[in-house]
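# Geometric and topological summary
Residues per chain, in single letters:
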Amino acid sequence: MTQPISAQTVMPTAAELSNRPAIGGEGAQASDIGKRFEQMLWTEMLSYAGLDKAFAQDGGQAAETFSRYVVESIAADLAESHPMGLGEAVDRSVAARQSTQQDDVA
């Protein structure tokens, strides 16, 4: 039987936050992937909640297209100001995979 995911398993500890990858190089790539993942997750949650339909109400096809951009912009702001911690988990996973690939090459 699998264990449920809790906030403690996904949220980084203070020690993990201090060991964050430096800006530039592979660390920046992993950090960018984590940020984009959280932005995508926020976008999907906001769309599922009906925010894009609320913005496009009675506006036709152009309003539907524009509302998607508005939701993505809101999601980018939320991912930056209120991270869920899942981006950190993605960053660790990407960094581990990159280090494994480098070890295989060397």
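This text goes with the structure placed above it.
Reference entry: report on the structure contained in this document. Because the structure is a prediction, the values reported are computed rather than measured.

### Topic: the nonpolar core
Counting six residues, the largest nonpolar core consists of Trp42, Leu46, Val71, Ala75, Leu78 and Ala79. At the level of secondary structure, the elements contributing two or more residues to this core comprise α3 (25–48) and α5 (60–81). At four residues, α5 tops the list of elements feeding residues into this core. The residues touching alanine 75, leaving out its near neighbours within four places in the chain, are Gln39, Trp42, Thr43 and Leu46.

### Considerations on α5
Its 22 residues give α5 an end-to-end C-alpha distance of 32 Å, which sits within 8% of 32 Å, the value for a rise of 1.5 Å per residue. All of the buried residues in α5 are Ala63, Ser67, Val71, Ala75, Leu78 and Ala79. For α5, the arc enclosing every buried residue in end-on projection is 145°, short of the 170-degree limit, so these residues lie on one face. Among the exposed residues of α5, those oriented more than 90 degrees off its buried face are Ala62, Phe66, Tyr69, Asp77 and Glu80.

### Things to note about the pattern of salt bridges
Applying the stated criterion to the full structure yields three salt bridges. Aspartate 32 is paired through a salt bridge with arginine 36; the nearest N and O atoms lie 3.3 Å apart. A residue pair is termed a helical-turn pair when its members lie 3 or 4 positions apart in one helix, as aspartate 32 and arginine 36 do in helix α3 at four residues. By relative accessible area, which is 38% here, aspartate 32 ends up partly exposed.

### Some remarks on the environment of alanine 95
Here alanine 95 shows up in helix α6 (residues 86–105). Considering only alpha carbons, one finds alanine 95 and serine 31, 64 residues apart in sequence, at a separation of 9.3 Å.

About the criteria used
Residues numbered from 1 in each chain as written. Predicted model: local features only at pLDDT ≥ 70, side-chain atom pairs only at ≥ 80, totals over all residues. Heavy atoms only, no water. Core = buried A, V, L, I, M, F, W, Y, C linked by side-chain atoms within 4.5 Å. Buried < 20%, exposed > 50% of the residue type's maximum accessible area, 1.4 Å probe, protein only. Helix = DSSP H or I, 4+ residues; strand = E, 2+ residues; numbered from the N terminus. Contact = heavy atoms within 4.5 Å. Expected span 1.5 Å × (residues − 1). Arc of directions from axis to C-beta. Salt bridge = Lys/Arg side-chain N within 4 Å of Asp/Glu carboxyl O.

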